[in-house]
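Read off the chains here:
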Amino acid sequence: LKFNPRYHALNSTQIASTLYPILPKGGAGMIKDGFKLWRSPEGTALLKRHNISETLSRIEQFSKGLGGPERMNQQVSFLTMYNRARQLGLDDVGAAAYGKTRGNLYSQFIGLTTDQPWAFRTLDPMGVLTMFQRFPIKQMEQVIDLIKDKNFPGIAKFLSVYLTLGGFRAATFGGAGWLT
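First, a word on what this report is: a plain description of the structure on this page. (Residues numbered from 1 in each chain as written. Predicted model: local features only at pLDDT ≥ 70, side-chain atom pairs only at ≥ 80, totals over all residues. Heavy atoms only, no water.)

When helices and strands are counted, the protein shows ten helices and zero strands. Going residue by residue from the N terminus, the α and β elements of the protein occur as α-α-α-α-α-α-α-α-α-α. In the protein, buried positions account for 44% of the 180 residues. A fraction of 64% describes how many contacts in the protein between residues 6 or more apart in sequence connect residues 24 or more apart. When the accessible area of the protein is evaluated, it comes to approximately 10000 Å², of which 63% is carbon and sulfur surface. (Helix = DSSP H or I, 4+ residues; strand = E, 2+ residues; numbered from the N terminus. Buried < 20%, exposed > 50% of the residue type's maximum accessible area, 1.4 Å probe, protein only. Contact = heavy atoms within 4.5 Å. Areas by Shrake-Rupley, 256 points an atom, 1.4 Å probe, with all protein chains shown as cover.)

In structure tokens:
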């Protein structure tokens, strides 16, 4: 897992493709506010206080080549959802829990044991070979949630982002389209 410019370019689009669709109207502004907070001393302190650094799996953490964009994705997603929770009236601790759950686990596809079939965990206990296999599963979960919740603006955002970033093939879970 060495430095790969194509990976970094693709990974840098993850906030648009996984966080933006689940935000309510005005989501682009919420992400912009998350980026502003990320660059501020207040944001740095908030990330440190709630222990949000690079919430990565063991293998991803060992690899220096995955660092920059993934760290940004994790931190900005947490801060965006933290701000959203504060707007909804949650206190600091509740907003941090919401930020971790919706910002990191749900929108950034942090790998959980429950996301990996038993065979993956048994044949590849370190997760090297199956590291990115959870992404299509988590994407499908997001789309199913959007449909189940009748969140038609979210579905439209999801499809428009994937069509823009990768064409029809990416929008239909057939890969990353012209990005790969």
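Its place among the elements puts His50 in the loop between helix 4 (41-49) and helix 5 (58-62). Using a relative accessible area of 10% as the deciding quantity, one classes His50 as buried. Not counting residues within four places of it along the chain, the set of residues in contact with His50 comprises Phe78, Tyr82, Asp92, Ala96 and Lys100.

Attention shifts here to unusual backbone geometry. Even without glycine at this site, Asn51 takes up a positive phi of about 55°. Checked against the element boundaries, Asn51 lands in the loop between helix 4 and helix 5.

With respect to the helices and strands, Thr80 occurs in helix 6 (residues 67-87). Leave out the neighbours within four places in its chain, and Thr80 touches Leu19, Leu23, Met30, Ile31 and Gly34.

Take the environment of Gly103 next. Structurally, the position occupied by Gly103 is in helix 7 (residues 92-106). Under the relative-accessibility criterion, Gly103 is labelled buried at 0%. Put simply, Gly103 and Thr80 are 23 residues apart on the chain and 7.2 Å apart in space, counted from C-alpha to C-alpha.

With that settled, consider helix 3 (residues 27-38). Taking 1.5 Å of rise per residue, the twelve residues of helix 3 would be expected to cover 16 Å, and the 16 Å separating its terminal C-alpha atoms lies within 8% of that figure. All of the buried residues along helix 3 are Gly27, Met30, Ile31, Gly34 and Leu37. Angular distribution of buried residues about the axis of helix 3 spans 120°; they occupy a single face of the element. (Expected span 1.5 Å × (residues − 1). Arc of directions from axis to C-beta.)

Nothing here speaks to function; it is geometry throughout.
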